[in-house]
Amino acid sequence: MANTLNTEHFWMPFTANRQFKARPRMLVAASGMHYTTDDGRQILDGTAGLWCVNAGHGHPKITAAIQHQAATMDYAPLFQMGHPKVFEAASALVSIAPEGLNRVFFCNDGSEAVDTALKIALAYHRVRGDGLRTRLIGRERGYHGVGFGGIAVGGIAGNRKQFGPTLAGVDHLRHPLDIARNAFSKGLPEHGAEMADELEQRMLALHDPATVAAVIVEPIQGSAGVILPPKGYLQKLRSICDKYGILLIFDEVITGFGRLGTAFAADFFGVVPDMITCAKGLTNAAVPMGAVIVRQDIHDAFMDASPEGAIEFFHGYTYTGHPLASAAMVATMDVYKEEGLFDRAASMAPHFENAAHSLKGLPCVKDVRNLGLVCGIELEGVPGKPTARAFDVFLKCFWEKNVLIRTTGDIIALSPPLIIDEQQINQLFKAIADILKSQKAVPELQAAAV
Ligand SMILES: Cc1ncc(COP(=O)(O)O)c(C=O)c1O
């Protein structure tokens with residue numbers, strides 16, 4: 001198919017377009033733990049697509065729910081109208097959310113969830129008469145999608161530099177990755193909780209806490225290469241936010257829905273934020289959907305501030321709570337519960353951890369870090385060619401080992417579907433180990449992505 005398909009018109013996202021089109025990597029079908037390629041190979045999915053197909057590909061129950069909904073009602077507007085599935089979906093999500101977070105705003109993906117949460121935070125302070133709170137604080141190397149709000153609070157330089165100043169009034173905490181002190185930590189790193197103190201000592205001292213609306217963090221920084229919070233770090237952020245009346249938003253777009261063996265990372269860490277953004281595993285990625293789960297009193301502040309009959313929050317999307325997404329979501333929540341997939345992830349995590357750390361000592365491996373079913377393998381880069389080493393491993397895993405991994409910079413990030421079994425975990429890490437063993441200090445790379 002790759003030979004006859006015209007690939008010139010589609011401008012691919014976050015892709016080296018010219019390089020891809022020179023030798024396309026085409027996926028044509030998917031089932032369970034595997035993709036099928038256009039040349040008929042079965043590829044083990046080490047990344048759950050893009051951290052999103054938590055229940056495995058093509059789950060029949062989710063597929064049937066989407067088919068049924070499409071045949072019943074394709075679309076209904078939710079501006080001043082309703083349809084039952086979206087209310088059912090909100091209740092299903094609340095049933096697994098941390099206590100107190102029981103109001104849900106739906107959107108279409110993680111980027112919209114982040115922008116929605118930032119808008120709720122700003123508007124919440126304003127409806128309470130605290131409109132001075134307009135600043136937002138994110139983190140270096142944070143990824144919060146690609147909307148203007150998300151790239152403003154996000155801290156990945158490459159995602160920002162083409163687009164000018166984005167939002168005003170945004171500042172960033174340092175990220176807590178500290179390989180010098182924490183290399184090859186199993187689970188949460190020991191060192192670095194004090195980095196949370198800079199929220200109070202540096203950010204709030206500089207800006208005046210009374211001007212800060214919200215702090216947004218990923219409990220685990222995923223897209224920038226699996227950066228784990230040191231023990232006690234998130235607890236500190238929570239207590240500083242509480243002290244100064246600042247909202248804490250957890251961006252759980254990748255950590256939600258079992259990735260750490262609990263419904264949300266908030267449950268794993270025992271830290272309840274004021275809002276959670278989520279997407280991806282929300283519908284098992286079968287139909288795009290995002291959501292913001294909000295503390296009830298935040299929602300109620302909007303209700304209380306507006307006269308009866310007035311619209312309380314001027315925000316929403318044509319496809320908010322789309323019937324197909326809502327149906328997929330309800331079915332996905334059922335699947336997670338019926339198949340006990342969050343517990344399954346927790347029970348696989350020790351084997352996954354051991355397999356990941358078996359890479360220690362192989363050529364070019366600088367660090368391995370892991371939690372739940374997430375793992376980052378940081379490689380020594382090729383001098384003068386950032387990203388080239390990891391991308392070379394990615395290509396060889398795909399073409400030679402039939403395994404899909406993901407790379408960011410010179411870091412391999414793994415996040416398989418929660419249905420992965422021990423033998424597949426072994427296959428995944430053995431493939432990476434084999435490729436790493438053939439890496440040279442200054443290799444001849446198959447295709448350097450610069
Ligand atoms: C933490 C986080 N927030 C937001 C997003 C953006 O989600 P989407 O690509 O669905 O817009 C992502 C995507 O990977 C993410 O990891």
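Residues numbered from 1 in each chain as written. Predicted model: local features only at pLDDT ≥ 70, side-chain atom pairs only at ≥ 80, totals over all residues.

Near the ligand you find 14 residues, and of these D109, G110, S111, G145 and V253 are the closest. Looking at which element gives the most residues to the shell around the ligand, the answer is helix α5 (residues 110–127), with three residues. Within the shell around the ligand, the residues separate by chemical class into five nonpolar, six polar and three charged. (Near = placed C-beta within 6 Å. Helix = DSSP H or I, 4+ residues; strand = E, 2+ residues; numbered from the N terminus. Nonpolar A, V, L, I, M, F, W, Y, C, P; charged D, E, K, R; others polar.)

The contact between helix α14 (residues 341–357) and helix α16 (residues 422–437) brings their axes to 10 Å, and the two run at 20°. On the basis of their axis angle, the class for α14 and α16 is roughly parallel. The handedness of the crossing between α14 and α16 is right-handed. Contacts between α14 and α16 involve H351, F352, A355 and A356 from the first element and E422, I425, N426 and F429 from the second. Looking at the contact of α14 with α16, its residues break down into five nonpolar, two polar and one charged. (Axes fitted to C-alpha atoms, helices over the stretch in contact; angles between N-to-C directions. Parallel < 35°, antiparallel > 145°, perpendicular 65-115°, else oblique. Left-handed = near helix turned anticlockwise from the far one by under 90°. Contact = placed C-beta atoms within 7 Å.)

Here we take up the sheet that holds strand β1 (residues 27–31). Strand order in the open sheet formed by four strands is β1-β2-β3-β13, and the pairing between neighbours is mixed. The two strands at the open ends of the sheet, each matched to only one other strand, are β1 and β13 (403–404). Bridge analysis of strand β2 (residues 34–37) against strand β3 (residues 42–45) gives three bridges, and the strand direction is antiparallel. Directly across from H34, in β3, lies its bridge partner L44. (Pairing = 2+ DSSP bridges.)

A word on the sheet that holds strand β14 (residues 406–408). Sheet architecture is open: four strands sit in the order β11-β12-β15-β14, paired in antiparallel fashion. Taken across any chain shown, the strands that pair with only one partner, and hence form the sheet edges, are β11 (365–371) and β14. Strand-to-strand twist in this sheet, taken as the mean axis angle between neighbours without regard to direction, amounts to 20°. The pairing of β14 with strand β15 (residues 411–414) spans three bridges and is antiparallel.

On to the domain arrangement of the protein chain. For the protein chain, the domain assignment lists domain 1 (17–55 + 340–437) and domain 2 (62–338). Using C-alpha coordinates to define each centre, domain 1 is positioned 26 Å away from domain 2. Across the boundary between the two partners, domain 1 contributes 32 residues, which contact 29 residues of domain 2. With seven residues, α14 is the single largest residue contributor to the side of domain 1 that touches domain 2. Of the residues contributing to the side of domain 1 that touches domain 2, the split by class is 17 nonpolar, nine polar and six charged. (Domains from an automatic or database assignment.)

A few words now on α16. Between its first and last C-alpha atoms α16 spans 22 Å; for 16 residues at 1.5 Å apiece the expected length is 22 Å, and the two agree. Those residues of α16 that fall on the buried side of the exposure criterion are Q424, I425, L428, F429, A431, I432 and I435. Down the axis, α16 shows its buried residues gathered within 145° of arc, on one side only. Among the exposed residues of α16, those pointing more than 90 degrees away from its buried face are E422, Q423 and K437. (Expected span 1.5 Å × (residues − 1). Buried ≥ 20, exposed ≤ 12 C-beta atoms within 10 Å, placed from the backbone. Arc of directions from axis to C-beta.)

Side chains of β15 alternate between two faces, with I411 and A413 and I412 and L414 buried alike. Hairpin connection of β14 to β15: two residues between the antiparallel strands, including G409 at a positive phi of 55°.

Attention now moves to the nonpolar core. A121, A214, V215, L237, A291, I293 and A328 are the most contacted members of the largest nonpolar core, which has 137 residues in total. Of the domains in this structure, domain 1 (17–55 + 340–437) and domain 2 (62–338) are the two that each give at least three residues to this core. With residues near it in sequence (within four places) discarded, A121 still touches A213, A214, L247 and I249. (Core = buried A, V, L, I, M, F, W, Y, C linked by C-beta atoms within 7 Å.)

Right, let's get into the packing of helix α15 (residues 388–401) against α16. What describes two packed helices is the angle between their axes and the distance between those same axes. In the contact formed by α15 and α16, the axes pass within 10 Å of each other and the chain directions differ by 115°. Crossing of α15 against α16: the hand is right-handed. Of α16, the residues touching α15 (which contributes V393, K396, C397 and K401) are A431, I432, D434, I435 and L436. Residues that form the contact of α15 with α16 fall into these classes: six nonpolar, no polar and three charged.

Moving on, we get to unusual backbone geometry. One non-glycine residue, F257, lies in positive phi territory at about 65°. Looking at the element boundaries, F257 is found in the loop between β8 (247–251) and α11 (265–269). Among the residues examined, F257 registers 30 C-beta atoms within 10 Å and is labelled buried.

Our next topic: the environment of A48. Within the secondary structure, A48 is located in helix α2 (residues 48–51). Taking the C-alpha atoms as reference, A48 lies 8.6 Å from L414; in sequence the two are 366 residues apart. Once residues lying within four places of it in the same chain are set aside, the contact partners of A48 are V53, N54, S415, P416 and P417.

On to the environment of P60, then. One can find P60 in helix α3 (residues 60–72). On a C-alpha basis, the gap between P60 and A331 in space is 9.9 Å, while along the polypeptide they are 271 residues apart.

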